[in-house]
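Structural description and commentary
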Amino acid sequence: MKELDFETDFQNKIDSEIKIEPKDWMPESYRKTLIRQISQHAHSEIVGMLPEGNWITRAPSLKRKAILLAKVQDEAGHGLYLYSAAETLGISRDQMVSDLHSGKAKYSSIFNYPATSWADMGAVGWLVDGAAIMNQVALCRASYGPYARAMVRICKEESFHQRQGYDIMMKLCAGTAEQKQMAQDALNRWWWPSLMMFGPNDENSPNSAQSMKWRIKRFSNDDLRQKFVDATVEQAEILGIKIPDDNLKWNETKKGYDFSEIDWTEFNQVVAGNGPCNKQRLKARVDAWDKGAWVREAALAYAEKKAVAIKEKAVA
Ligand code: FAQ
């Protein structure tokens with residue numbers, strides 16, 4: 001078959017909702033786009049463990065501590081499913097990690113903000129996991145099989161994460177005036193960064209058109225952001241706290257909320273590495289990698305020893 005026939009066949013498969021699998025022919029640019037998105041997504045899960053991991057020792061009760069611990073462990077698992085999915089595209093895990101540590105690979109802007117109070121654990125679960133689910137449910141139908149399958153499992157766990165965050169917010173909002181104020185303060189600080197998670201506006205999103213043609217993405221950045229705002233407004237009303245946007249208003253014509261423009265200068269600064277915690281987050285990852293070298297070496301030595309033993313047993 002000629003290159004052009006391969007391309008037509010590939011796009012026909014996608015249009016017929018047939019999943020692309022690792023050994024199938026794919027355009028080099030499809031492979032690269034997937035490696036970029038899946039590895040960025042994996043890095044986000046791993047770096048995303050840091051703001052919440054910081055609160056495990058300070059959770060207000062044993063129950064909250066156990067729940068938070070389980071959530072942070074889930075995020076590690078998500079990172080691992082996603083690194084594995086990316087590996088099927090021909091990139092090694094070491095390469096991906098090295099790209100993260102050198103600053104070449106991106107991760108979600110949201111994790112460059114500090115989590116300064118216990119209420120932030122509520123806001124992160126409610127808003128950050130909420131935004132993540134809104135984006136990720138669609139990814140369960142991504143055209144690349146290993147990514148789509150990883151996302152199915154991740155989404156199940158993310159819904160629990162979102163609910164535990166909302167539960168923290170409900171408790172705080174039903175507590176003392178000071179606790180409710182903590183919840184309001186957390187909403188004020190996490191609202192705009194959460195909206196930024198969906199990426200640039202559609203007209204400034206260079207990857208969207210091609211990713212949608214390839215059915216990696218099913219909805220545009222702005223469509224998903226709108227869905228998130230529409231779903232979240234009512235949840236804030238139930239909590240009795242106010243979303244920090246004076247222009248937030250129901251628009252009957254579009255059957256959705258109007259809201260203010262995002263501060264794109266801030267978004268670009270955070271993505272460029274100049275957010276409040278970028279340096280701290282990367283340093284934590286690099287330190288963990290360096291300090292964990294002996295674990296990787298020991299695991300490799302054990303695997304080699306085991307392989308030799310199996311070989312010797314087979315020969316005997
Ligand atoms: N932060 O052309 P587009 C989670 C970059 S998981 C940083 O629109 P695309 C779970 C983008 O990479 C959260 N960079 O790009 C959790 C591109 O740069 P490049 C992560 C961003 O790919 C919860 C450039 O801007 N989720 O939270 C961001 O079509 C709690 C142009 O943008 C995923 O990764 C951003 N916010 O659409 C864990 C989901 N937005 O690479 C722990 C999978 C955009 O060309 C605790 N990813 N950029 O140099 C996606 O769905 C897509 O990649 C988008 C961006 C929607 C993020």
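Because the structure is predicted, anything quoted here is derived from the model rather than measured. (Residues numbered from 1 in each chain as written. Predicted model: local features only at pLDDT ≥ 70, side-chain atom pairs only at ≥ 80, totals over all residues. Heavy atoms only, no water.)

**Side note on the site of the ligand**
Neighbouring the ligand are 35 residues, the closest being Gln 40, Lys 106, Ser 205, Lys 217 and Asn 221. Met 196 is positioned such that a nitrogen or oxygen atom in its backbone is 3.2 Å from a nitrogen atom of the ligand. At a separation of 2.8 Å, an oxygen atom of the ligand approaches a polar side-chain atom of Asn 221. Burial of the ligand by the protein amounts to 91% of the accessible area it has alone, namely 1100 Å². The set of elements that each furnish at least two residues to the shell around the ligand consists of α2 (28-47), α4 (62-87), α6 (118-139), α7 (145-173) and α11 (264-274). Among the residues forming the shell around the ligand, the class breakdown is 13 nonpolar, 13 polar and nine charged. (Near = heavy atom within 4 Å. Polar contact = N/O pair within 3.5 Å; in protein donor to acceptor, adjacent residues only side chain to side chain. Areas by Shrake-Rupley, 256 points an atom, 1.4 Å probe, with all protein chains shown as cover. Helix = DSSP H or I, 4+ residues; strand = E, 2+ residues; numbered from the N terminus. Nonpolar A, V, L, I, M, F, W, Y, C, P; charged D, E, K, R; others polar.)

**Quick notes on the layout of surface pockets**
In this structure, the second largest pocket encloses a volume near 250 Å³. In terms of lining residues, the second largest pocket is bounded by 14 residues, among which Ile 46, Tyr 83, Val 97, Arg 285 and Trp 289 are the most central. Where the lining of the second largest pocket is concerned, the elements lending two or more residues are α4, α5 (93-102) and α12 (278-291). Tallying contributions element by element places α5 first for the lining of the second largest pocket, with five residues. Here the residues of the lining of the second largest pocket sort into nine nonpolar, one polar and four charged. (1 Å grid on protein atoms, 1.4 Å probe; cavity = no way out; pocket = protein on both sides within 12 Å on 5 of 7 lines; lining within 4 Å. Points joined across faces, edges and corners; volume = space filled by probe spheres on them.)

**Quick look at the nonpolar core**
Ranked by size, the top nonpolar core spans 48 residues in total, and within it Trp 126, Leu 127, Trp 190, Trp 191 and Ile 241 carry the most contacts. Contributing elements (two or more residues each) for this core: α4, α6, α7, α8 (177-196), α10 (221-239) and α11. Looking at which element gives the most residues to this core, the answer is α6, with nine residues. Filtering out sequence-adjacent residues up to four positions away, Ile 241 remains in contact with Trp 126, Met 169, Cys 173, Lys 180, Ala 183, Gln 184, Leu 187 and Ala 236. (Core = buried A, V, L, I, M, F, W, Y, C linked by side-chain atoms within 4.5 Å. Buried < 20%, exposed > 50% of the residue type's maximum accessible area, 1.4 Å probe, protein only. Contact = heavy atoms within 4.5 Å.)

**Details of the side chain of Gln 136**
Along the polypeptide, Gln 136 turns up in helix α6. With a relative accessible area of 5%, Gln 136 lands in the buried category. Beyond its immediate sequence surroundings of up to four residues, Gln 136 is in contact with His 41, Glu 45, Met 151, Ile 154, Cys 155 and Glu 158.

Read these as layout, nothing more, since geometry by itself doesn't imply function.
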